Amino acid sequence: MADAIIILIVIVLLGFALKGSIKHFRGEGPCCGGGSGKVTRSREKILDGPVIARKTIRISGMHCENCVNSITAALNKVEGVSAKVSLADQTAVVSMDREVEEYKLRRAVEKAGFEVISIA
């Protein structure tokens, strides 16, 4: 009888773990320190001058809106940069009002804990 109860408890726990994992990889649940799962998008950064260049950064490691917010915040800290990050495309489109070296963009993304695949 005790064995049956233990097996039932393990099955229930595995069910909850599977459900949470599915939500996590769909980007629907809390992850990456996100807390409750209710995520609001970061505000768009307004540049000081007109946009003179745009670059697209392909990023690996994003799983949820908290990841998107982390990358957006990291890129927006770079002087002269405003970023729009897409979870679906795994990219960040960066608008710049001045010349910004690619290594600064790469460093900002990597410092946030993600991998840069390419910058074009």
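The structure presented is a predicted model; accordingly, all values stated were derived computationally and were not measured.

Caption draft 1: Just helix 3 (residues 102-111), in detail. Looking at helix 3, one finds that the buried residues are Leu105, Ala108 and Val109. Down the axis of helix 3, the buried set is contained in an arc of 95°. They therefore lie on one face. Note on helix 3: the residue one or two positions beyond its end, Gly113, has a positive phi of about 100°.

Caption draft 2: Up close: the sheet that holds strand 4 (residues 115-119). On the basis of which strands lie adjacent, the open sheet formed by four strands has the order 2-3-1-4 and antiparallel pairing. With partners counted over all chains shown, the strands left at the sheet margins are strand 2 (81-86) and strand 4, one partner each. Each strand axis lies, on average, 30° off the axis of its neighbour in the sheet, ignoring direction. Bridging between strand 2 and strand 3 (residues 91-96) involves six bridges; their strand directions are antiparallel. Residue pairing for strand 3: Lys84 is matched across the bridge by Val93. Lying over the sheet, helix 3 contacts strand 1 (53-60), strand 2, strand 3 and strand 4, oriented at roughly 155° with respect to strand 4.

What counts, and at which threshold
- Residues numbered from 1 in each chain as written.
- Predicted model: local features only at pLDDT ≥ 70, side-chain atom pairs only at ≥ 80, totals over all residues.
- Heavy atoms only, no water.
- Buried < 20%, exposed > 50% of the residue type's maximum accessible area, 1.4 Å probe, protein only.
- Helix = DSSP H or I, 4+ residues; strand = E, 2+ residues; numbered from the N terminus.
- Arc of directions from axis to C-beta.
- Pairing = 2+ DSSP bridges.
- Axes fitted to C-alpha atoms, helices over the stretch in contact; angles between N-to-C directions.
- Contact = heavy atoms within 4.5 Å.

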